[in-house]
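Close look at the chain arrangement
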Amino acid sequence: MSFTAVSRQCCTLYIDETRLPDFDLQLFAEEKTEDPTAKRLSDAHKKGQVAKSQDLSAAIVILVGFFTLWNCGEYIYNSITQFMALIFTNLTLSLDAESVTHLFLETMIILGKTILPVMGAILLAGLALNYYQVGFVFSMEPLSFDLNRLNPITGLGRIFSKRAIMELFKSIAKILVVGYFVYLYIVDQVIQMPKLIFMDLRMALVTITDIIFKLAFEICAVLLIIGLIDFMYQKWQHRQELKMSKQDIKDEFKQSEGDPQIKGKIKQKQKQISLQRMMHEVPKADVIITNPTHFAIALKYEKGMTAPVIIAKGQDLVAQRIKQIAREANVVIVENKPLARTLYLSAEIGDVVPPELYKAVAEVLAYVYRLKKKKLA
């Protein structure tokens, strides 16, 4: 026995004795390895399941708010000055219903003029950013009552889920990064603090305001970078959560396009109905042209027609059935192999005879009409 044969025998014995474990290949079909389809993304969007970064929204809203305050600072300062002047001016007035109502209305108007520019800018920025991230979404499903949300086990699962742990690490990272930049800025600006003692109130307020706004813009810049990174991560994570298995894709295709077996049965039923209708037309034909076993074409001609019309045609078993019905209805059957094959291949049911076949068909119809006259005679 050769060395190769011995090696094969040993390997066979080893495999038989160790018995490799059986793997259920169906388990691999359930793995979420496929990218979500357009329908799955659309369904998730309708349910309110969208990729959205709260960090990016917060960064933009804070940035717009401080930017509006920066540009409208003088206007807001003048409005607050007017408000304070109004309050102190009316301290000596009698506190009757009319004066209190007038003071309240003036206070509301001044506060509205002060707050509305900032709140309006923040509102528009928030709406624009949310529309950019997710588009227009109106869904009541997230607000619907679900008993599973009251399940403590499910709640613990959400608390200790991968997503929750990731959000915890993101929050810690944001605190550390923002805190680091705030520390660097304060260390750099602390030298300015003693100078405030020698300034008047207006200059001190301007200096403090300048320091605060510069710090705010630095923090907003850091938060904006973090928000952009988080937005890309949220989009990636959203697609990962919506990934599908091969079986999911098959099921979705069946739901959208219909079960192939059901579609096949529908097509078969339609074909049967069409065949029955065609067979009902065979007795009305003037002639059946055959080849003689493989093809059968039923022609009908009436006054006013431009050419004879094909009202039925078939091949093999269908052709035999057409000829059987024709015999029962005493329809003339003419054997013409070239004409039968050409008619079958060049025209469909309901079509008129092609012009190049007019002469051949006319000769057949003339023969049929002669036969009918002889029978009548």
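Above this text is the structure in question.
These notes cover the structure that comes with them. (Residues numbered from 1 in each chain as written. Predicted model: local features only at pLDDT ≥ 70, side-chain atom pairs only at ≥ 80, totals over all residues. Heavy atoms only, no water.)

1. As for the sheet that holds strand β4 (residues 332–335)
The criterion, for reference: For two strands to be treated as a pair, DSSP must find no fewer than two bridges joining them. A run of H or I in DSSP counts as a helix once it spans at least four residues, and a run of E counts as a strand once it spans at least two, with each numbered from the N terminus. To get an axis, a line is fitted to the C-alpha atoms, and for a helix only the part in contact is used. The angle between two axes follows their N-to-C directions and goes from 0 to 180 degrees.
Taken together, four strands build an open sheet; the order of strands is β3-β2-β1-β4 and the sheet is mixed. Edge positions in the sheet fall to β3 (309–315) and β4, since each of these pairs with one other strand and no more. In this sheet, neighbouring strand axes are inclined to one another by 20 degrees on average, regardless of whether the strands run parallel or antiparallel. When strand β1 (residues 287–290) meets β4, the two strands line up parallel, connected through four bridges.

2. So, the pattern of salt bridges
This is how it is decided: Here a salt bridge means any side-chain nitrogen of Lys or Arg lying within 4 Å of a carboxyl oxygen belonging to Asp or Glu.
With the rule as written, the count across this model stands at seven salt bridges. Of the charged contacts, one joins Asp 55 and Lys 174 as a salt bridge, the two residues approaching to 2.6 Å between their closest N and O atoms. In this pair, Asp 55 is assigned in helix α4 (residues 54–71) and Lys 174 in helix α8 (residues 162–189), connecting sequence segments 119 residues apart. Residue Glu 281 is joined to Lys 284 by a salt bridge in which the shortest nitrogen-to-oxygen separation is 3.5 Å.

3. Considerations on unusual backbone geometry
Applied cut-off: Buried means the residue's accessible area, taken with a 1.4 Å probe over protein chains only, is under 20% of the maximum for its type, while exposed means over 50%, and partly exposed covers the values in between.
For Asp 316, which is not glycine, the phi torsion reads 55 degrees and is therefore positive. Secondary-structure assignment places Asp 316 in the loop between β3 and α12 (317–328). Among the residues examined, Asp 316 registers a relative accessible area of 37% and is labelled partly exposed. Positive phi, close to 60 degrees, is recorded for Asn 330, a residue that is not glycine. Within the secondary structure, Asn 330 sits in the loop between α12 and β4.

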